[in-house]
Structure formats: structure tokens, C-alpha cells
Amino acid sequence: MSARPPYSGTTRKLVLAFDVGTTFSGISYSILDPGEIPEIRGVTRFPAQEQVGGDSKIPTILYYDKEGKPCAIGAEAAREGIEDEAEDAGWTKAEWQLHLRPKAKSSAHVTHRIPPLPPGKSAIDIFADFLRYLHRCARTYIEETHANGVQLWHGLEARTEFVLTHPNGWEGAQQGQMRTAAVKAGLIPDTEAGHARLSFVTEGEASLHFCIQSGLTNEAIKRGKGLLIVDAGGGTIDISAYRQTSPTTQSFEEIAAPMCDFHGSIFVTSQAKKYLENLLGDTRFAGDIPHIERCFDKTTKLRFRGAGEPQFIKFGTLRDKDPKLNIRSGQLKLLGSDVATFFEPSVNYMIKSIEEQCNVSTTGISSVFLVGGFAASDWLFTNLKNTFGPKGLDVSRPDSHVNKAVADGAVSFFIDHFVAARVSKLAYGTEIYTAYQPRNPDHFARVHKKFISPMGIDCIAEQFSTILPKVLTSRLDALCIAHALAQDTKVMETQEFRKNYHQHASEKRVLENVRVPIMCYRGLNKNPLWMDTESGMFSTLCYVDADTTALCASPPIRTQGGTRYYSVTFDIVLSLGLTELKAHICWKENGVEKKSRAEVIYEPPSETVD
């Protein structure tokens, strides 16, 4: 276990981490006292929870009543008989997490599998209600388990730092939605100081922190090799690669772009549902399919260990039988080989992704750590161990409480900050235009797109100017990856990427406020330039606003042709050292650099996909 130094802050504060997963959610916290060694604790009591203590997670489920108010949340929403009660009362069930996902082609295949949102509710509304509930549970737990708990909470409430976890594939837009939900839930005020009290961390990085604190990474570190964190959750599989930067420090860096895809445990259940619909769809048991699916999810899926053993789904009474369907005494008998096919897409994805991460990592991988709720599946663990053990990879998982890795790790992320460098998985930049060059073939091919700029010259737009390059993907060889990482795609926490730009306008007032789109490129081109050749690979991630009135004090520029225009010169500065994109604008006044109070505004995600 890593030796944690005493807290060096000057004031007492509370750190609360909420791991809101697709299927289950958890809370961990730490009270930071100056000069004391921080201790990470978990909330182990929730309303209506049957088993108290230890593996402390609750279902990520809400029910809304007819007025749109939450009426059952977490364990309350999973108690026995809740489905009948909800049907009688006209309640609506909400499962919303995957509605926050990036609306990219890579996630299009899951759209039809995601339950619709309740009428009149957005994913942000539901997320806010769930965060409010978690916050209330944390308060009750701390007040009831600590000496003078009520006074303790009251004294720390205004000095609480929050950490929210999210899948590796979530981006700035998703973080923006999560921040909006946190404000709506009352966790933080909608101010600059309030926003500063909220941090984000990927599930992969949080899991790394948990593994370091649990001592699981010691052997891999001793061998000087890299390690993989495979966070197998309910909705997503998140895979991250790290290495220790020095044998004498607890400092790590990413050695490959993190991966994320929708192959979590809920998709095993989805495969089982399709099988049950084909088997029972035209029988008298058709109406029981949703119940049988839930029984499979809660019992059979968790117990499954071998394709050679028959599996049973207990769903009914002794009177429920049909030998032709292998149903006897209320139990449906399945071939183990059929159940194995339910797992196959998820297992194959993990095997393929682990192989890809090993191929592209700049340091050899020696260990794979499997965490998350899906990690409890013996079938999954055995498949990974049998596949990679002969190849020299040590596959292991925590011996208990694999669910709490992310919540505990999120608190450790805030306290310990083990990761000093991360890999940029996208290219970031902005759109520009340049002077039209008739002898340039690319320009000439776009002659129909030329326009007259405020400077009075012909120009061509739709060009991408890269500020922060991306690491190359696994489709290229590892040497190219290493070369890419050497070209500043590995981002240190304090590192900034900047580029100089000009804006021109015929009227001064247009330039008194600069709004610059920050765009990202998701394709494979090492040097993307023309946005019309891969239009689907470019998207606007956010905007940076800055008050540039002071830059407009200069008199207008006059060209030889008599055109008069105004111009401002500034740098766009990006930082991805932390897990959240930050950007601002810099310029010089009388030789002194000024930094704008820039505000990052995330573009609302498209709602057309769902």
C-alpha cells in the first residue's frame, strides 16, 4: 500500500466522490485535517439496503410519480415487488446514464438498447435528482457515524470538494452536462468558485489510484513494466495503460490513449433477452420474459462459470413447466454453451482491446488489473486469464469489493494525484481561413468556396489548425505511436499548448469580444487540414469567450487598395494535463502578457440520435 503523506492544507475540508455507474453507484469520502494522514472511507448504509456494510453500492435507478417527482431511488427502487407497485401507481422508471454518452458513430449500435427517458425529463434532470439523493445519503451517514456528526457536517458543508467519475470515452460536453446537474442538485453554486469545487476523473484513472493504494501494482512496478487497468462496468469497458515514471516516486503517466466502448455487463443481459425472445416469444411464457430477464441478470449471469455446465433461471413456481422448452418447476434450463454466447461480444472486445493496448503502449505491459462490477464474473476473469497468461501477462483482480474501486480511487485522485501525464486521444484546434493561392492545387480545387475577407483579399476557409495533436491510433504500428508520443501528445499536468491567431473585422465592435470555437478531430490523419474531406471527423467541442476590448485600441489598418479593417492578435492556450479540457486566450499589451478571464462553454450534444 502506498504511504500517504499528511494533508498539507491549512483548513479542514471534506472530499466527496460520487461514482454514478450505469447499473450501480457508490460514495466514498475523506475528511482532510491539516497535518493528519487522510483516510478514505466508503458510505455503507443506504435507505432500504438489505445488506449493510462491505460492498457498498446501490442500483442506479429512479422512479418518478405522475407529477414527475422522485418517489423511489437506489435500493428503494430495487426492493421486492417494486414493479407491481410502480405499475399500480403509474410510476415511471428512469435509467439515464447512457443517454449522456457522446453521440458518436462508435456508440450508435447501443442506441436502440437504451431505455427511453421519462416524459418531460432530460438526462441532466435525472442525474441531478440522483446526485441530490447521494448527497443526502452521504450527509446522513457522516452525521450518524462520526462523533458530533451534525456539527461536523455543518462545519464542512461549505468546504466540500466533489469528485465525479465518468467513463474514459466521456468528453468535455459530457463533463459540462454533469456540472450542470451538480449545480441543479445543489452540490455547488453556479459561480466560478463553485465550479472550482467540482473535479472530474475517468473511471480508468480512478481505478489506477485504487490499485496503487491497495498495493496491487507493486510487482508490476518492481519489474519496470507498464500495467493495464480494465474497468469492466455495467455499461462501458474502460481500458487504460500506465507506467511509473521513476522507481523512487509515486508518479505515473499514460502510455497509450485510453479506450472505452459499450460492452459492459448490461449487454450480456441484452444478449440473453434476445435469446429468450426467440425461445419464448410465441409461447404462453412470452409475458414472463421481462421477469425471466431480471432473474438471469441477478442470479444466473453472476453464477456462470463454465460452458460445459447447464444453467438454470429460477423465475416461477412448481406449476410453471413445459418440457419442450426445458422449463420444469419454474426453472428454465439453458445450455452452458448458449449462455457463453451471451458473454461472447463483451469478452471478445476486452481481449481485442487488451491486445491493442499492449501493441501500442510505449512500455511493455506485464500486468492486467480487472476491476468494476463485471469483474466479479468468474467466466470473464477465467477467459482473460486463460488468454493472456500464456502470453506472459499477469491478470488479477482485487480479492473483494471490486465495485468500490472507482469511488475510493476518485478520492485518492483528489488527495494523491498519482498521474502526472496523460495522452491526448483527440486532436484539438480551431477553424481558420488563409489567403487564396491559385497555384496551390488544394486551393484551386476549392475556388468555388473563396470569399473576400475584411482585409479585402480572396480567402479560403474550412481549414483546421491543430493546437494539441492526438496520439496515433492502434491501427498504426507501435513505432509510429512512440514517435507520436514524442511529438508532444503526452501532456504533462502543467503543460500548455498555444498557437498564435489573428481575427479581422471591418468594424471595431465586432472584435471587442472574441469567441473562438475549440474543435476536435477524431480521424486517422496525422496532419488534418481540410475539414471538407472528412467532415464527419470534425466537431465543435466548446467555445472560449474573452473580453478583448483592450486589443481594439489600435487604429484601423488601411491596405493599398483603400480597404480599412481592424485586427487583433492573440494566442489560444489549451491544457489537457488534468482530466478536463481547459482553454483561455492570451495577448500582449505594451509588451506585457495578459490572460483573459475565459469561460469554456460546451456545445449542447445532439438529441437526434436517441
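Residues numbered from 1 in each chain as written. Predicted model: local features only at pLDDT ≥ 70, side-chain atom pairs only at ≥ 80, totals over all residues. Heavy atoms only, no water.

Draft legend 1. Main features of the environment of Gly389. Tracing the backbone shows Gly389 in the loop between helix H11 (378-388) and strand E18 (394-396). With 22 residues separating them along the chain, Gly389 and Ser367 place their C-alpha atoms 9.8 Å apart. (Helix = DSSP H or I, 4+ residues; strand = E, 2+ residues; numbered from the N terminus.)

Draft legend 2. Spatial organisation of the sheet that holds strand E6 (residues 70-73). Taken together, three strands build an open sheet; the order of strands is E6-E5-E7 and the sheet is antiparallel. Every interior strand has two partners, whereas the edge strands, E6 and strand E7 (92-94), have only one. Strand-to-strand twist of the sheet, defined as the mean angle between neighbouring strand axes without regard to direction, takes the value 25°. When strand E5 (residues 62-64) meets E6, the two strands line up antiparallel, connected through three bridges. (Pairing = 2+ DSSP bridges. Axes fitted to C-alpha atoms, helices over the stretch in contact; angles between N-to-C directions.)

Draft legend 3. Structural context of helix H6 (residues 203-213). Counting buried positions over the eleven residues of H6 gives eleven, a clear majority of the element. All buried positions along H6 are accounted for by Glu203, Gly204, Glu205, Ala206, Ser207, Leu208, His209, Phe210, Cys211, Ile212 and Gln213. One or two residues past the end of H6 sits Gly215, with phi positive at roughly 80°. (Buried < 20%, exposed > 50% of the residue type's maximum accessible area, 1.4 Å probe, protein only.)

Draft legend 4. Broad picture of the nonpolar core. Counting residues in each nonpolar core, the largest one holds 49 residues, and the members touching the most others are Leu16, Phe18, Ile27, Trp96 and Leu131. Here this core takes 13 residues from helix H2 (residues 123-145), the largest share from any one element. Apart from residues no more than four positions distant in its own chain, Ile27 is found in contact with Leu16, Ala17, Phe18, Arg41, Gly42, Val43, Phe46, Leu134, Cys137, Ala138 and Ala407. (Core = buried A, V, L, I, M, F, W, Y, C linked by side-chain atoms within 4.5 Å. Contact = heavy atoms within 4.5 Å.)

Draft legend 5. Summary view of the pattern of salt bridges. Summed over all chains, the structure comprises 27 salt bridges. The partner of Arg4 in a salt bridge is Asp416, and the shortest N-O contact between them spans 2.8 Å. Of the two residues, Arg4 sits in the segment before strand E1 (13-20) while Asp416 sits in helix H12 (residues 405-416), which places them 412 residues apart along the sequence. The exposure class of Arg4 is buried, given its relative accessible area of 12%. With a relative accessible area of 15%, Asp416 lands in the buried category. Linking Asp129 and Arg132 is a salt bridge whose minimum nitrogen-to-oxygen distance equals 2.7 Å. Of this pair, Asp129 and Arg132 both sit in helix H2, three residues apart, which is roughly one turn of that helix. Note on Arg132: relative accessible area 31%, which makes it partly exposed. Salt bridges sharing partners connect three or more residues here, namely Arg446, Lys449, Glu462 and Asp532. (Salt bridge = Lys/Arg side-chain N within 4 Å of Asp/Glu carboxyl O.)

Draft legend 6. How the structure looks around the pairing of strand E9 (residues 198-202). With five of five residues buried, E9 is to be regarded as a mostly interior element. The two faces of E9 match: Leu198, Phe200 and Thr202 on one face and Ser199 and Val201 on the other face are all buried. Here strand E8 (residues 160-166) pairs with E9 via five bridges, running parallel. Counted as the bridge partner of Phe162 is Leu198 from E9.

Draft legend 7. Seen up close, unusual backbone geometry. For Asn148, which is not glycine, the phi torsion reads 50° and is therefore positive. Residue position: Asn148 is located in the loop between H2 and helix H3 (149-156). Unlike most non-glycine residues, Ser329 shows phi in positive territory, near 50°.

Note that all results are geometric; they support no functional claim without further evidence.
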